[in-house]
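Each chain is listed here by its residues.
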Amino acid sequence: MNGIKTTILLATLTGILVAIGGMLGGQQGMVIALVFAGAMNFVSYWFSDRIVLRMYGAHEVDEREAPELYGMVRELAGRAGMPMPRLYIIPQEQPNAFATGRSPSHAAVAVTQGIMRLLSRDELRGVLAHELGHVKNRDILISSVAATIAGAISMIANMLQWGAMFGGLGGRSDEEGDGGNIVGLLATIIIAPIVAMIVQMAISRTREFSADATGAQLSGAPLSLANALRKIDAYARRIPMTVGNEGTAHMFIVHPFAGGSLARLFSTHPSTEERIRRLEAMAMGSVRPSWV
């Protein structure tokens, strides 16, 4: 069910981008928009993992440097039928973690120093299982595509806004005497980026629920993951992440940047309370396998 929902949401994002291209340049504009989206997704597919790991100052560790961490990931990857991913530690006190990479055979899992200090072994194992769940479900690719298309829509809207301010886009509608172009332009500038952001958030939230479910199944301990989420959420509100930006927030297990209630309403993550509730229901056996 979540897979169908994600497909529909991605199709919606692509449709918005193509519609903008069609409004600006007809059929040729639609083709250009698709090519533009494809080019951006190509870059995201091949290079996003290296970019984000470098952004957060993550350094790779091997079994000799982090034997317990390495052993947990190797065991969970084996249970998931996946290759062993590369492991990274982020020099940040905020407890958090993310996975990246274009496929299970080119994946990386990164954890902060803070999360290794805060969580018990079972809780950390639950978090690692969640991140491997993202890899197994190919959420990294899906989220990267969604973020790239949404970013393209916002970028085009900003370009149109500046063009309208300097009168570069008003000539055609004046000559044709058609107010529809003005309405379309305003919709593109104001509404399209908001809709794209909402759709991207919906995709991200859906994939978080799926990764929670997959991670709980991999670890066999839904309550350990629930306890980890409760601790991480509480500490992440108090300990700021000193590097990175909102554009990468969707990658983390819990939103890494502080914000008020309004910011959390528009967060890329579902509420931690709802995630915990679902995991507790899973532990009680009240959630069917189709929940994933």
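Residues numbered from 1 in each chain as written. Predicted model: local features only at pLDDT ≥ 70, side-chain atom pairs only at ≥ 80, totals over all residues. Heavy atoms only, no water.

**Remarks on the packing of aromatic side chains**
Phase 1 of the analysis: Enumeration according to the criterion identifies three aromatic pairs in this entry.
Phase 2 of the analysis: Centre to centre, the rings of Tyr56 and Phe252 are 5.1 Å apart; their planes meet at 70°, and the pair counts as edge-to-face. Residue Tyr56 is located in the loop between α1 (2–55) and β1 (59–61), and its partner Phe252 is located in the loop between α8 (222–238) and α9 (261–265); the two are separated by 196 residues in the primary sequence.
Phase 3 of the analysis: According to the relative accessible area criterion, Tyr56 is buried, its value standing at 2%.
Phase 4 of the analysis: On the numbers, 5.0 Å between centres and 75° between planes, the contact of Phe98 with Phe252 is edge-to-face. Highlighted residues: Phe98 in strand β3 (residues 97–101) and Phe252 in the loop between α8 and α9, separated in sequence by 154 residues. When sorted by exposure, Phe98 lands in the same class as Phe252, which is buried.
Phase 5 of the analysis: Among the aromatic side chains, those forming a connected cluster through ring pairs are Tyr56, Phe98 and Phe252. (Phe/Tyr/Trp six-rings, centres within 6.5 Å; stacked < 30°, edge-to-face > 60°. Helix = DSSP H or I, 4+ residues; strand = E, 2+ residues; numbered from the N terminus. Buried < 20%, exposed > 50% of the residue type's maximum accessible area, 1.4 Å probe, protein only.)

**Topic: helix α10 (residues 272–283)**
Phase 1 of the analysis: Relative to the 16 Å expected for twelve residues at 1.5 Å per residue, α10 spans 16 Å between its end C-alpha atoms, a close match to the ideal helical length.
Phase 2 of the analysis: Those residues of α10 not exposed but buried are Thr272, Arg275, Ile276, Leu279, Ala281 and Met282.
Phase 3 of the analysis: The first or second residue beyond α10 is Gly285, which carries a positive phi of 80°. (Expected span 1.5 Å × (residues − 1).)

**Thoughts on α8**
Phase 1 of the analysis: With 17 residues, α8 extends 25 Å between its outermost C-alpha atoms, agreeing within 8% with the 24 Å of an ideal straight helix rising 1.5 Å per residue.
Phase 2 of the analysis: Regarding α8, the residues found buried are Pro222, Ser224, Leu225, Ala226, Ala228, Leu229, Ile232, Asp233 and Ala236.

**Regarding the confidence of the model for the protein**
Phase 1 of the analysis: In the predicted model, the protein carries a mean pLDDT of 79, and the fraction of residues at 70 or more is 63%.
Phase 2 of the analysis: Within the protein, no element has a lower average pLDDT than helix α6 (residues 171–176), which sits at 46, and none a higher one than strand β2 (residues 86–90), at 98.
Phase 3 of the analysis: Considering only residues more than four positions removed or in separate chains, one finds that residues 170–178, a stretch of pLDDT under 50, has seven contacts.
Phase 4 of the analysis: Within the model, the stretch residues 287–292 combines pLDDT values under 50 with 13 contacts to residues more than four positions away or in other chains. (pLDDT = per-residue confidence, 0-100. Contact = heavy atoms within 4.5 Å.)

**Overview of the packing of helix α2 (residues 67–80) against helix α4 (residues 121–136)**
Phase 1 of the analysis: Two elements in contact, α2 and α4, have axes whose closest approach is 10 Å; the angle formed by their N-to-C orientations is 45°. When the axis of α2 is compared with that of α4, the two are oblique. For the pair α2 and α4, the crossing hand works out as right-handed. Counting all contacts with α2, which are made through Glu68, Leu69, Met72, Val73, Glu75, Leu76, Ala77, Arg79 and Ala80, the residues of α4 involved are Arg121, Leu124, Arg125, Leu128, Ala129, Leu132 and Lys136.
Phase 2 of the analysis: Each residue belonging to the contact of α2 with α4 can be placed in one class, and the counts come to ten nonpolar, no polar and six charged. (Axes fitted to C-alpha atoms, helices over the stretch in contact; angles between N-to-C directions. Parallel < 35°, antiparallel > 145°, perpendicular 65-115°, else oblique. Left-handed = near helix turned anticlockwise from the far one by under 90°. Nonpolar A, V, L, I, M, F, W, Y, C, P; charged D, E, K, R; others polar.)

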